[in-house]
Amino acid sequence: QTRLVTGGDPLTFDEALALAELPDSQLPSLIAAAHQVRLACAGPGVELESIISAKTGGCAEDCAFCSQSRHWPSPVRAEPFLDIAAMVDAARRSAELGATEFCIVVAVRGPDERIMRQTLQAVDALHEATELRVACSLGILTAAQAEDLASAGVHRYNHNLEAARSFFPSIVSTHTWEERYETCRLVTEAGMELCSGGIMGMGETMRQRIELAFELAELGPREVPINFLNPRPGTPLAGANLLPALEAVRMIALFRLIMPSAVLRAAGGRVLVEGSLDAPI
């Protein structure tokens, strides 16, 4: 803890594995250490971000956790790109509730020319109507697309690695981990902040969760969403068990120690895995 707080050498992979294997009785000490590192390296503040699904469903990719994939018989149906006026209205309401960032999300492998045009128009409209910082999550990008988004004033780009390189082929076959990693690299190269995280509880081992954390740390994301699988009807992972609450807490603490200064977001599935804990994650 002291080493991390004072800017010393980062946590090593073996040290993180050892911490992951601590008994539950020592979990409060691990949480306390992570909290001190957070206060020293990231600060006590909390950032509120609003996310809107600008294009829902019909995705060609076969991510096993996602009900928006057209490969699975889920209840989610494909919808066209959201009307920009409706998006602006949602952004204004988000700002009234205290959000400082508004993220446009589309369910695609990557944006084609039409989606890029619609997204850039939406970004311009949001900047015109609000003071919110605008983020995007449009899937796999080319270098030119990353440059266009950065030039339009997109503040941050979300592209989760989702899982460790060693586990990724178990949950997706229509694109590779390397493609996702390359998009993350292009984002920072273009000058946008990177938001990248993953999902816990898809059948990966504890070691693979630690692998994911170190792969993310290598990319240096400003923001790291830590999601917990919410098994969706019709998907291959529909019957998966929820990640135990204490495992979720342990992973948040470990991610903090591995990435001391990142903005960590306990995101998707958080409410479900809290279980019987007296305090929220």
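Each chain carries its own residue numbering, running from 1 in the written order of its sequence. Thresholds applied to this predicted model are a pLDDT of at least 70 for local features of residues and 80 or more for the giving and counting of side-chain atom pairs; totals over whole chains, interfaces and linings are not thresholded and use all residues. Side-chain numbers here rest on the full set of heavy atoms in the structure, without hydrogens or water.

## As for the overall build of the protein
Logical step 1: Strands here mean DSSP runs of E at least two residues long; helices mean DSSP runs of H or I at least four residues long; both are numbered from the N terminus. Counting its regular elements, the protein contains 10 helices and 8 strands.
Logical step 2: Scaling as 2.2 N^0.38, a compact globule of 281 residues should have a C-alpha radius of gyration of about 19 Å, and the protein matches this with 19 Å.
Logical step 3: Dimensions along the principal axes, computed over C-alpha positions, put the protein at roughly 50 × 40 × 35 Å.
Logical step 4: Every residue pair with non-hydrogen atoms within 4.5 Å of one another is taken to be in contact. Contacts spanning at least 24 positions in sequence make up 74% of the contacts within the protein whose residues lie at least 6 apart.
Logical step 5: Distance from the positive charge centre (23 side chains) to the negative charge centre (35 side chains) of the protein: 3 Å. Computation of the radius of gyration draws on C-alpha atoms alone. For the globule rule, the value is 2.2 Å times the number of residues to the power 0.38. By the counting rule applied here, Lys and Arg register as positive and Asp and Glu as negative, while His and the ends of each chain are not counted. For this purpose, a charge sits on NZ of Lys, CZ of Arg, CG of Asp or CD of Glu.

## Regarding the pairing of strand S2 (residues 101-106)
Logical step 1: Relative accessibility thresholds used throughout: buried, under 20% of the residue-type maximum; exposed, over 50%; partly exposed, between the two (1.4 Å probe, protein chains only). With respect to burial, S2 is a largely interior element, 5 of its 6 residues being buried.
Logical step 2: Note: two strands are recorded as paired if DSSP finds a minimum of 2 bridges between them. Pairing of strand S1 (residues 49-55) with S2 involves 6 bridges; the strand directions are parallel. Bridge assignment links Glu49 to a residue of S2, and that residue is Glu101.
Logical step 3: If the strands point away from the viewer and the path from the first strand over the helix to the second runs clockwise, then the crossover is right-handed. Regarding the hand of the β-α-β motif, the stretch spanning S1, helix H4 (residues 84-96) and S2 is right-handed.
Logical step 4: Pairing geometry for S2 and strand S3 (residues 133-137), over 5 bridges, is parallel. Within S3, the position partnered with Phe102 by the bridge is Val134.
Logical step 5: Each parallel crossover has a hand, and for S2 linked through helix H5 (residues 113-129) to S3 it is right-handed.

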